[in-house]
Amino acid sequence: MAAGNTYTQIASTTLGSAASSVTFSSIASTYTDLVIVVQAAVTAGSIALRMQFNSDTGANYSSTWISGTGTSAISSRTSGTTYMKIDEYSGMNTTLGGGLNFINVMNYANATTYKTALTRPNRADLGVDAVVGLWRNTAAITSITLLTSSSTMVTGSTFNLYGITAA
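Rules used throughout
Residues numbered from 1 in each chain as written. Predicted model: local features only at pLDDT ≥ 70, side-chain atom pairs only at ≥ 80, totals over all residues. Heavy atoms only, no water. Helix = DSSP H or I, 4+ residues; strand = E, 2+ residues; numbered from the N terminus. Buried < 20%, exposed > 50% of the residue type's maximum accessible area, 1.4 Å probe, protein only. Contact = heavy atoms within 4.5 Å. Areas by Shrake-Rupley, 256 points an atom, 1.4 Å probe, with all protein chains shown as cover. Phe/Tyr/Trp six-rings, centres within 6.5 Å; stacked < 30°, edge-to-face > 60°. Pairing = 2+ DSSP bridges. pLDDT = per-residue confidence, 0-100.

S.K.: What exactly am I supposed to notice about the overall build of the protein chain here?
M.R.: If you tally the helices and strands in the protein chain, you get zero helices and twelve strands. Counted from the first residue to the last, the protein chain has its helices and strands arranged as β-β-β-β-β-β-β-β-β-β-β-β. Taking all 167 residues of the protein chain together, the buried fraction comes to 41%. Of the contacts formed within the protein chain by residues at least 6 apart in sequence, a portion of 75% connects residues at least 24 apart. For the protein chain, the accessible surface area stands at approximately 7,700 Å², while carbon and sulfur atoms represent 53% of it.

Laid out in structure tokens, this is it:
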């Protein structure tokens with residue numbers, strides 16, 4: 001097989017003004033997996049980032065996470081929530097450049113299985129999280145909304161969506 005691009009950028013958004021959510025819509029089913037890279041900051045506090053698929057606001061999500069600071073660790077789980085957690089302990093910073101969120105959505109176009117996402121939020125000043133989320137729905141994912149638990153994301157926050165082609 002000839003070498004080629006594995007990651008294809010599908011969409012990119014940079015906030016021109018503060019916003020509480022960002023949505024990628026009309027996602028084609030031509031890839032095997034999706035990757036989202038977020039570099040965002042919020043206007044106040046250490047706010048959690050959340051995710052919903054296909055505008056589903058029902059209690060169809062669950063999340064399990066572990067967090068570490070270098071001196072302590074914590075883990076927990078939620079089920080039957082209206083969103084998937086992206087980061088829990090570290091949250092988003094109030095300064096751009098303070099951290100990155102890497103989100104992997106596996107098998108997003110499969111219409112026979114529930115959807116799983118793995119996220120790796122990182123903040124140099126607080127630590128790292130590892131989160132696994134489940135969306136209990138077999139529909140192919142055609143839209144993804146990233147939203148804050150409160151507050152808004154600041155101007156200049158960036159959101160990049162990539163499709164991964166099977167090797």
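S.K.: I keep staring at the packing of aromatic side chains and nothing clicks. Help me out?
M.R.: Ring pairs (aromatic) are described by centroid distance and by the angle formed between their planes. Applying the stated criterion to the full structure yields three aromatic pairs. The interplanar angle of 65 degrees and the centroid separation of 6.1 Å between the aromatic rings of Tyr7 and Tyr162 together place this pair among those described as edge-to-face. One end of the pair, Tyr7, is in strand E1 (residues 7-14); the other, Tyr162, is in strand E12 (residues 158-164), and 155 residues separate them in sequence. When its relative accessible area of 47% is taken as the criterion, Tyr7 is described as partly exposed. Ring geometry for Tyr61 and Trp135: centres 6.4 Å apart, planes at 20 degrees, overall stacked. A residue pair is termed long-range when its members are at least 10 positions apart, and Tyr61 in strand E5 (residues 61-68) and Trp135 in strand E10 (residues 127-135) qualify at 74 residues. Aromatic rings pair up to connect Phe53, Tyr61 and Trp135 into one cluster.

S.K.: Looking at this structure, how should I read the sheet that holds strand E7 (residues 84-85)?
M.R.: Each strand in a sheet pairs with its neighbour through backbone hydrogen bonds, running either in the same direction (parallel) or in the opposite one (antiparallel). With antiparallel pairing, four strands are arranged side by side in an open sheet as E2-E11-E4-E7. The strands lining the two open edges of the sheet, one partner per strand, are strand E2 (21-24) and E7. Relative to strand E11 (residues 144-148), E2 is paired through four bridges, and the arrangement is antiparallel. Within E11, the residue paired with Ser21 across the bridge is Leu147.

S.K.: It is not clear to me how the confidence of the model for the protein chain should be interpreted in this structure. Could you clarify?
M.R.: The predicted structure's coordinates, where accompanied by low pLDDT, should not be read in detail. Put simply, the protein chain has an average pLDDT of 87, and 87% of its residues get 70 or more. Within the protein chain, the lowest mean pLDDT, 87, falls on strand E9 (residues 115-123), and the highest, 96, falls on E2.

S.K.: Could you clarify how one ought to interpret unusual backbone geometry in this entry?
M.R.: Generally, phi is negative for residues other than glycine and the peptide bonds are trans, each holding for most cases. Here the phi dihedral of Ser26 falls at roughly 55 degrees; this positive angle occurs in a residue that is not glycine. Relative to the helices and strands, Ser26 resides in the loop between E2 and strand E3 (33-39). For Ser26, a relative accessible area of 72% gives the class exposed. The phi angle at Asn54 is positive, at roughly 50 degrees, despite the residue not being glycine. Mapped onto the secondary structure, Asn54 falls in the loop between strand E4 (49-53) and E5.

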